[in-house]
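Single-letter residue listing:
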Amino acid sequence: MSAGHQTDTSNHSHAHHGVNHGSLAGYLTGFGLSVVLTAVPFWLVMTNALGNQMASAIAIMAFAVVQIIVHMVFFLHMNTRSESGWTMMALIFTLILVMIALTGSLWVMYHLNVNMMPGHDMSQIP
Amino acid sequence: MAHADTVIDDTIFHLEDDHGHAESGSSTMLGFWIYLMSDCLIFAMLFAVYGVLGGNYAAGPAPKDLFDLPLVALNTTMLLLSSITYGFAMLEMAKGRVRPMQVWLVITGLFGLAFLGIELYEFAHFIHEGATPQRSGFLSSFFTLVGTHGLHVTFGLVWLVVLMVQVSRHGLIAANQRRLMCLSMFWHFLDVIWIGVFTFVYLMGMLR
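Residues numbered from 1 in each chain as written. Chains lettered and ligands numbered in written order. Predicted model: local features only at pLDDT ≥ 70, side-chain atom pairs only at ≥ 80, totals over all residues. Heavy atoms only, no water.

- An unreviewed UniProt entry lists chain B under the name Cytochrome bo(3) ubiquinol oxidase subunit 3, with Mesorhizobium ciceri given as the organism.
- Under the UniProt heading Subunit (unreviewed entry), the note attached to chain B is "Heterooctamer of two A chains, two B chains, two C chains and two D chains."
- Heading Subcellular location (unreviewed entry) of the UniProt record for chain B holds this comment: "Cell membrane". (UniProt positions renumbered as here; feature names shortened; annotations may be inferred.)

- Under an unreviewed UniProt entry, the name given to chain A is Cytochrome bo(3) ubiquinol oxidase subunit 4, and the organism recorded is Mesorhizobium ciceri.
- Its UniProt record gives chain A a comment under Function (unreviewed entry), which states: "Cytochrome bo(3) ubiquinol terminal oxidase is the component of the aerobic respiratory chain of E.coli that predominates when cells are grown at high aeration. Has proton pump activity across the membrane in addition to electron transfer, pumping 2 protons/electron."
- As stated in UniProt under Subcellular location (unreviewed entry), the record for chain A gives "Cell membrane".

Written out as structure tokens, the structure reads:
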């Protein structure tokens, strides 16, 4: 019984080794990149190094996108081959939905706020 | 009758085949990934709510009055460290070494607890200053978004403890390995969500 489990376990870990568990080098690379990609945005905001709020905002968003990709690749082991590409398809589908929801909400609600401002009377426009 | 028996036998054969497939963990991984994607949609909705309501202070405190960036940086460090230690636990699991794996899982749990402790300290501090979820649209959406993430981390910790007990009782059987891999994805996924939180809520809040 226990010998059977042992065999099963070793087969299993052998089958997945290097595919799903990643490697020490991979985890350390991901961790090192994450530390840099986290520290720089905090530094940018805390010291106002760029001296421009818009530039800082764009920079920290760019760092966030890169760090999310780093986590996906080095920690979640995303690639185009796992599950014959179905994990990637699910991810792309989700990203499309997220983009529609976020940009749609922000865009519609921003214009709603602007157009509903007190004193903005549509009937006064010729 | 004989024909019906044959059909049933045939069906059972296929079920056994499917069961063996599930035990290998490959279909579970895809299913769990799809669950994570649906969880991602929940967070996307909460981010959208925060994006819409995040500027409605109702003459109450703004992010600049509340947020303490060094504390957030410390919190981010805790979650990032717990991600890498979970990775080390998975590497030990791949080698079949139970004891070192359990030690890494304990360290992961402690970093997770530290994260939750700092977050609860921050929430308590806000509420003590009168910045309660009822105060403004900004604070309602802030507590909903960050609180939902914190709740995920809490359930991740419960899951972690349950799996550590499972492994200590049954060893690194295939089912436990599969469960540990699911929790691994869940844990790293929460770290990915936290990247969005500290960027869009805390850092962008200080720039507003």
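Now that the structure is up, let's keep going.
### Observations concerning the overall build of chain B
Right, so step 1: Looking only at helices and strands, one finds seven helices and zero strands in chain B.
Right, so step 2: Taken across its 208 residues, chain B has 53% of its residues classed as buried.
Right, so step 3: Taking the contacts inside chain B whose residues are at least 6 apart along the sequence as the reference set, 82% of them involve residues at least 24 apart.
Right, so step 4: Here chain B has roughly 9000 Å² of accessible surface; of this, 69% comes from carbon and sulfur atoms. (Helix = DSSP H or I, 4+ residues; strand = E, 2+ residues; numbered from the N terminus. Buried < 20%, exposed > 50% of the residue type's maximum accessible area, 1.4 Å probe, protein only. Contact = heavy atoms within 4.5 Å. Areas by Shrake-Rupley, 256 points an atom, 1.4 Å probe, with all protein chains shown as cover.)

### Some remarks on the overall build of chain A
Right, so step 1: The secondary structure content of chain A amounts to four helices and zero strands.
Right, so step 2: N-terminal to C-terminal, the α/β element order of chain A is α-α-α-α.
Right, so step 3: Considering only contacts in chain A between residues 6 or more positions apart, those separated by 24 or more positions represent 53%.
Right, so step 4: Approximately 8100 Å² of chain A is accessible, and the part contributed by carbon and sulfur atoms is 73%.

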